[in-house]
Amino acid sequence: MIGGMGVTIKTAAKDRPLGVFDSGAGGVSVLRWIRQQLPRENLIYISDAGYAPYGNRSSHYVQGRATCVTQFLLDQGAKAVVVACNTATVTSIATLRSKFAVPFIGIEPGVKPALAETASGVVGVLATTETLKSPAFHNLIHRFGKGVRVEVQGCPGLMEQVEALAFSTPKTRDLMDRYLFPLLEKGADTIVLGCTHYPFLAPLIREMAGEGIRIIDTGEAVSRQVCRALTTRDLLTGRTEPGAVTFWTSGSRGVQTVLSCLWGEPVTVAQMP
Ligand code: DGL
């Protein structure tokens, strides 16, 4: 930023924006909690829709995209990065931390909170196939899955339904039928939303599974973690006015409609170079 009389004023680290990204619009389910928790922060959201989905790609592919998107966020001045994507977190957050010096906050399927909720002792996890295959997810079950049975279900095609804003169409219902009922039949009474797109399908899950089923969405917990991470590093903004939220995408113009719908108000989405 240029001040008066040709003096260059550098934006203090704490007043720089917070970067958030996902393969698509799913990360908005995390962004809305961050916005609520930290209303004064400037937020930059990236939907990497031009390279989505991540969930059926190799971990090498996702690491490449996560690195590229992070570099773009840092070029925009991001002081920290929220990986608002389970697939990118489990496959890539270690790589990102080894490459970049800023703090990273990720999201993983909420196996641990599900333990506290289940009465049947069976927890069902809906996630992408890449998340379920990852060593990080297996490690998570190993650490927190003791004393319960964790049943998993990969959900190809489900994120695409959210990107199409098809929250309750026959095709979405058909897919949900195929993914949800096997978990319920195995006795799951707690369903973990292991992909940031799925909170937008929570009403459908609730309708199809019934009121007795608990649904675990870790978006709010992640926003608290973001707050803690910024606080301990003295990176919370000192501004007092509301922050701005800026959206970028590697995808097509249609992403603007999707992000506006999921964010709940019309937004302008800039094109990543
Ligand atoms: N939203 C992403 C997640 O949390 C994945 C969607 C995808 O790209 O397959 O895993």
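What comes next concerns the included structure. (Residues numbered from 1 in each chain as written. Predicted model: local features only at pLDDT ≥ 70, side-chain atom pairs only at ≥ 80, totals over all residues. Heavy atoms only, no water.)

What follows deals with the state of the cysteines. Counted under the stated rule, the structure contains 0 disulfides. Looking at the unpaired Cys68, the closest cysteine sulfur is the one in Cys85, lying at 15 Å. The thiol sulfur of Cys261 is not disulfide-bonded, and the nearest other cysteine sulfur, from Cys195, lies at 17 Å. (Disulfide = S-S within 2.5 Å.)

The subject of this paragraph is the pairing of strand 1 (residues 18-22). Note on strand geometry: in a regular strand, side chains alternate between the two faces of the sheet. Within strand 1, 5 of the 5 residues are buried, which leaves the element mostly enclosed by the surrounding structure. Side chains Leu18, Val20 and Asp22 of strand 1 all project onto a buried face; the interleaved residues Gly19 and Phe21 project onto the opposite face, where all are buried too. Sheet analysis places strand 1 next to strand 2 (residues 43-47), joined by 5 bridges and oriented parallel. In the sheet register, Val20 faces strand 2, and the bridge partner there is Tyr45. Taken together, strand 1, helix 1 (residues 28-37) and strand 2 constitute a β-α-β crossover, and its handedness is right-handed. As judged from the 4 bridges shared by strand 1 and strand 3 (residues 80-83), these two strands associate in the parallel manner. The residue of strand 3 that forms the bridge with Gly19 is Val81. (Buried < 20%, exposed > 50% of the residue type's maximum accessible area, 1.4 Å probe, protein only. Helix = DSSP H or I, 4+ residues; strand = E, 2+ residues; numbered from the N terminus. Pairing = 2+ DSSP bridges. Right-handed = clockwise from strand over helix to strand, strands pointing away.)

It is worth spelling out helix 1 at this point. Taken together, the buried positions of helix 1 are Val28, Ser29, Val30, Leu31 and Ile34. On the buried face of helix 1, the contacting elements are strand 1, strand 2, strand 3, helix 10 (219-232), strand 9 (245-249) and helix 11 (255-263). (Contact = heavy atoms within 4.5 Å.)

Any link to function would need more than the numbers given here.
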